[in-house]
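Structural overview
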Amino acid sequence: MKNLVKKFFDDTRPLFTGNGKYKKYEPVWDATKTFFFLPSAKIRVMPFVRDHLDLKRYMSIVILALLPVTFFGIYNAGYQAGIGTGESWSITKCFLMGAWYVLPMIIVSYVVGFAWEFLFAVVRGHKISEGLLVTGLLFPLTLPPTIPLWQVALGISFGVVIGKEVFGGTGRNILNPALTGRAFLFFSYPVAMSGDVWVAGKHLVDGVTGATALSVTGAGEQSITAALSNAGYSLGQLFTGFVPGSVGETSALCCLIGAAILMVTRIANYRIIIGGIAGLVITSIIIYLIPGGKETWSNAGPLYHLCAGGFLFGISFMATDPVSAPGTNPGRWIFGGAIGFLTVIIRVGNPAFMEGVMLAILFMNVFSPLLDHLVLKYKSSKRIPNV
């Protein structure tokens with residue numbers, strides 16, 4: 001079978017390369033070939049550099065790190081639907097029901113996203129980047145399982161075109177494409193992106209709703225534990241993820257597993273993740289110690305800030321995007337710490353917008369080039385001038 005596929009690409013190569021009849025569609029042909037085979041190009045002149053990590057392998061490791069979050073998100077979507085019906089579903093039924101809602105979202109995200117990638121690659125005459133392999137999975141994981149599929153298509157279109165392609169494509173974007181698409185949907189269709197819309201399977205029973213932990217804790221209760229207890233949630237459930245929410249954000253445990261994979265393989269820079277967690281913990285402790293705070297998020301400890309909502313998902317998979325994050329180590333520490341700081345500030349200062357990590361990451365994406373510039377300028381100023 002492998003030889004047949006290889007023969008097909010060898011036979012069609014003259015049609016898509018050089019002065020071939022379909023030269024314009026070479027990016028599509030090349031992307032299809034790369035899907036089946038590793039790139040075979042070799043450097044013929046010095047210097048020779050050996051590296052096991054090309055872009056496709058890089059993206060594959062990120063996909064691997066996302067698998068725990070994805071599989072748990074599928075299961076939890078079905079699990080919450082079962083709770084909504086008042087029944088105790090088996091693990092298999094929970095997976096099947098969750099897959100019924102989540103897999104179409106992922107398929108639509110990939111199909112529409114790659115359609116835009118193919119279009120821009122053909123028009124510009126450059127190769128198709130594997131970056132959408134990650135963006136196409138990240139984006140649906142930031143959405144509730146009840147979102148209409150046409151909104152998934154619209155959101156990924158905005159994220160790919162406005163968040164990436166208008167800047168020149170992969171490697172030139174200043175914003176994370178998946179978060180850009182998510183922000184567009186949040187502000188354009190708030191009804192479908194907030195409120196009690198997070199439980200799939202509403203067609204199975206009338207009146208099924210499910211407030212997220214964020215909406216519960218942002219309701220103005222004086223005690224965050226009381227707010228969660230009244231809603232039937234506990235800190236342990238927030239950590240494991242058995243609560244309503246976006247597909248990929250509910251399980252802090254799975255997010256930490258993914259973060260560990262990315263840090264061990266050095267795909268994600270640990271400074272951003274650790275700096276983000278440190279910034280959130282320190283800020284939440286300071287606000288907690290300030291007397292007079294009566295709002296729920298003001299008296300929430302760092303564990304609640306970490307486990308409730310999508311902070312760990314965002315800081316692990318979104319903030320570590322090597323393109324939109326700083327490239328200098330001091331800049332990465334500041335970048336991560338500022339995201340953690342802004343997440344808490346947004347939650348405390350605006351209870352109507354509890355999920356602050358999305359805006360915090362996008363805001364700091366804009367300042368990433370400035371952080372690198374200031375770090376390089378500072379280091380240059382410390383050099384000893386030539387005598």
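Structure's up top.
Quick caveat: nothing in here was measured; it's all calculated off a predicted structure.

**What to know about the overall build of the protein chain**
Counting secondary structure elements, the protein chain contains 17 helices and zero strands. Here the protein chain holds 387 residues, and 51% of them are scored as buried. For the protein chain, the share of sequence-separated contacts (at least 6 apart) that also reach a separation of at least 24 residues comes to 70%. When the accessible surface of the protein chain is totalled, it reaches about 19,100 Å², and 67% of it is carbon and sulfur.

**Section: the nonpolar core**
Counting 79 residues, the largest nonpolar core has Phe313 and Ile339 as the members making the most contacts within it. For this core, the leading source of residues is helix α3 (residues 55–85), giving nine residues. In contact with Ile339, not counting residues within four places along its chain, are Phe311, Ile315, Ala319, Val357, Ala360, Ile361 and Met364. If you look at the next biggest cluster of nonpolar residues, it comprises six residues, including Tyr75, Ala81, Cys94 and Met97.

**As for unusual backbone geometry**
Positive phi is not limited to glycine here, since Arg266 has a value of about 65°. Turning to its location among the elements, Arg266 is positioned in the loop between α12 (252–264) and α13 (270–289). Judged by relative accessible area, Arg266 falls into the exposed class, the value being 76%.

**Quick notes on the side chain of Ser109**
As for its placement among the helices and strands, Ser109 is situated in helix α4 (residues 91–124). At 2.8 Å, the side chain of Ser109 forms a polar contact with the backbone oxygen of Gly136. In this structure, Ser109 is in contact with Thr135, Gly136, Phe139, Pro140, Val152 and Ile156, ignoring residues within four places of it in sequence.

The rules we used
Residues numbered from 1 in each chain as written. Predicted model: local features only at pLDDT ≥ 70, side-chain atom pairs only at ≥ 80, totals over all residues. Heavy atoms only, no water. Helix = DSSP H or I, 4+ residues; strand = E, 2+ residues; numbered from the N terminus. Buried < 20%, exposed > 50% of the residue type's maximum accessible area, 1.4 Å probe, protein only. Contact = heavy atoms within 4.5 Å. Areas by Shrake-Rupley, 256 points an atom, 1.4 Å probe, with all protein chains shown as cover. Core = buried A, V, L, I, M, F, W, Y, C linked by side-chain atoms within 4.5 Å. Polar contact = N/O pair within 3.5 Å; in protein donor to acceptor, adjacent residues only side chain to side chain.

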